[in-house]
Amino acid sequence: NGSEFPALAVITYDAATDQILGTMTLAAYQALGGHYAELPVPNMVEISPSGRRVVYHLGRCWDDGTGGNRPLDIGTVFDGPHAWDLDFTDPVKVSVDETHSGWGWDTAGNELFVSQNNVNDWIEAVDVMTGQVLQLYYHGALGWGNGWHFARMPPAARGWVLLSTYHDGGQTDWGDNQLFMLELKDHAAGPRVWRLGHTHNVYAEGDYYAEAFAPIAQTADRLWWGAKWPGQQTYEAYEMALPPAWWADLG
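Residues numbered from 1 in each chain as written. Predicted model: local features only at pLDDT ≥ 70, side-chain atom pairs only at ≥ 80, totals over all residues. Heavy atoms only, no water.

> Is there a simple way to think about the overall build of the protein in this case?
A tally of helices and strands in the protein yields three helices and 18 strands. Its C-alpha radius of gyration of 19 Å places the protein within 12% of the 18 Å reference for a compact globule of 251 residues. In terms of overall dimensions, the protein has a C-alpha envelope of 50 × 40 × 40 Å along the principal axes. Counting every position in the protein, which comprises 251 residues, the buried fraction comes to 44%. Contacts in the protein between residues at least 24 apart in sequence constitute 46% of all its contacts with a sequence separation of at least 6. In the structure as shown, the protein presents an accessible area of about 12,100 Å², 53% of it carried by carbon and sulfur atoms. Across the protein, the mean location of the 12 positive side-chain charges is 7 Å away from that of the 31 negative side-chain charges. (Helix = DSSP H or I, 4+ residues; strand = E, 2+ residues; numbered from the N terminus. Rg over C-alpha atoms; globule rule 2.2 N^0.38 Å. Buried < 20%, exposed > 50% of the residue type's maximum accessible area, 1.4 Å probe, protein only. Contact = heavy atoms within 4.5 Å. Areas by Shrake-Rupley, 256 points an atom, 1.4 Å probe, with all protein chains shown as cover. Lys, Arg positive; Asp, Glu negative; His and termini not counted. Charge placed at Lys NZ, Arg CZ, Asp CG, Glu CD.)

Okay, here's the thing in structure tokens:
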């Protein structure tokens, strides 16, 4: 528009058939209850591991009386991240805000969006088809000083999600600078924690690339993370091997 770069559209595209499956435009946003003259800009957009849903990662709408983030959209389908069908129908809210997130599968094979709820301080997993919420683990139980990232779990490794944590100031609480699997069960059912190991990472506040994000192989037997090993000033990649079919053993 001459000074800024407003979003024009969000699209889902099928590369195999060379077809656009869905388009979220300004007109579509307004028809679905959006109140503003520009399409909200997402933090990111992603397709779920099954390929069935698209997540439009929008920030939480709020109003503190002096300003806020799209306060007129509070309570609409544009208030926080929602999972949509690929044609941008059937939205289901999957998180409170645009936050660190990942993917897992419950033991029945349902696809779960896993994220940190920045309002109530729980790690939550949400069924992207039904919106059912599991509260897994409380931030304070891990230690308030750490942040974390979630992996995108392969379909075979049902019932678990991989977390990697980072903490400025070394090891203060048990959950600092760790790699572990968290069982995808509501906290009332007592989800287990399988601690895999320490990241041996020197993280300083604001050092984004030292946050030790850990992806997992789609065979679920390897994971990797980047770290500044103590005494080093460069980022290096490290690999951890896991037992084959570990999820079946834990089951």
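> Teacher, can you tell me more about the pairing of strand 11 (residues 122–127) here?
A large share of strand 11 lies buried, amounting to six of its six residues. When strand 10 (residues 111–117) meets strand 11, the two strands line up antiparallel, connected through six bridges. Looking at strand 11, one finds that Ser115 is bridged to Glu124. Between strand 10 and strand 11, which follow one another and run antiparallel, lie four residues, and Asp121 among them has a positive phi close to 70 degrees. Inspection of the sheet shows strand 11 paired to strand 12 (residues 133–138) by five bridges, in the antiparallel sense. What sits directly across from Ala125, in strand 12, is Leu134. (Pairing = 2+ DSSP bridges.)

> Got a minute to help me understand the layout of surface pockets in this structure?
Volume-wise, the largest pocket comes out at about 310 Å³. If you trace the largest pocket, you find 15 residues lining it, with His100, Ser101, His149, Phe150 and Phe213 closest to the centre. Considering only residue class, the lining of the largest pocket consists of seven nonpolar, six polar and two charged. The calculated volume of the second largest pocket comes to roughly 200 Å³. Looking at the lining of the second largest pocket, its residues break down into six nonpolar, five polar and six charged. (1 Å grid on protein atoms, 1.4 Å probe; cavity = no way out; pocket = protein on both sides within 12 Å on 5 of 7 lines; lining within 4 Å. Points joined across faces, edges and corners; volume = space filled by probe spheres on them. Nonpolar A, V, L, I, M, F, W, Y, C, P; charged D, E, K, R; others polar.)

> Whenever I open this one, the side chain of His167 confuses me. Can you help?
Here His167 is to be found in strand 14 (residues 160–167). With residues near it in sequence (within four places) discarded, His167 still touches Gly145, Asn146, Thr172, Asp176, Asn177 and Tyr203.

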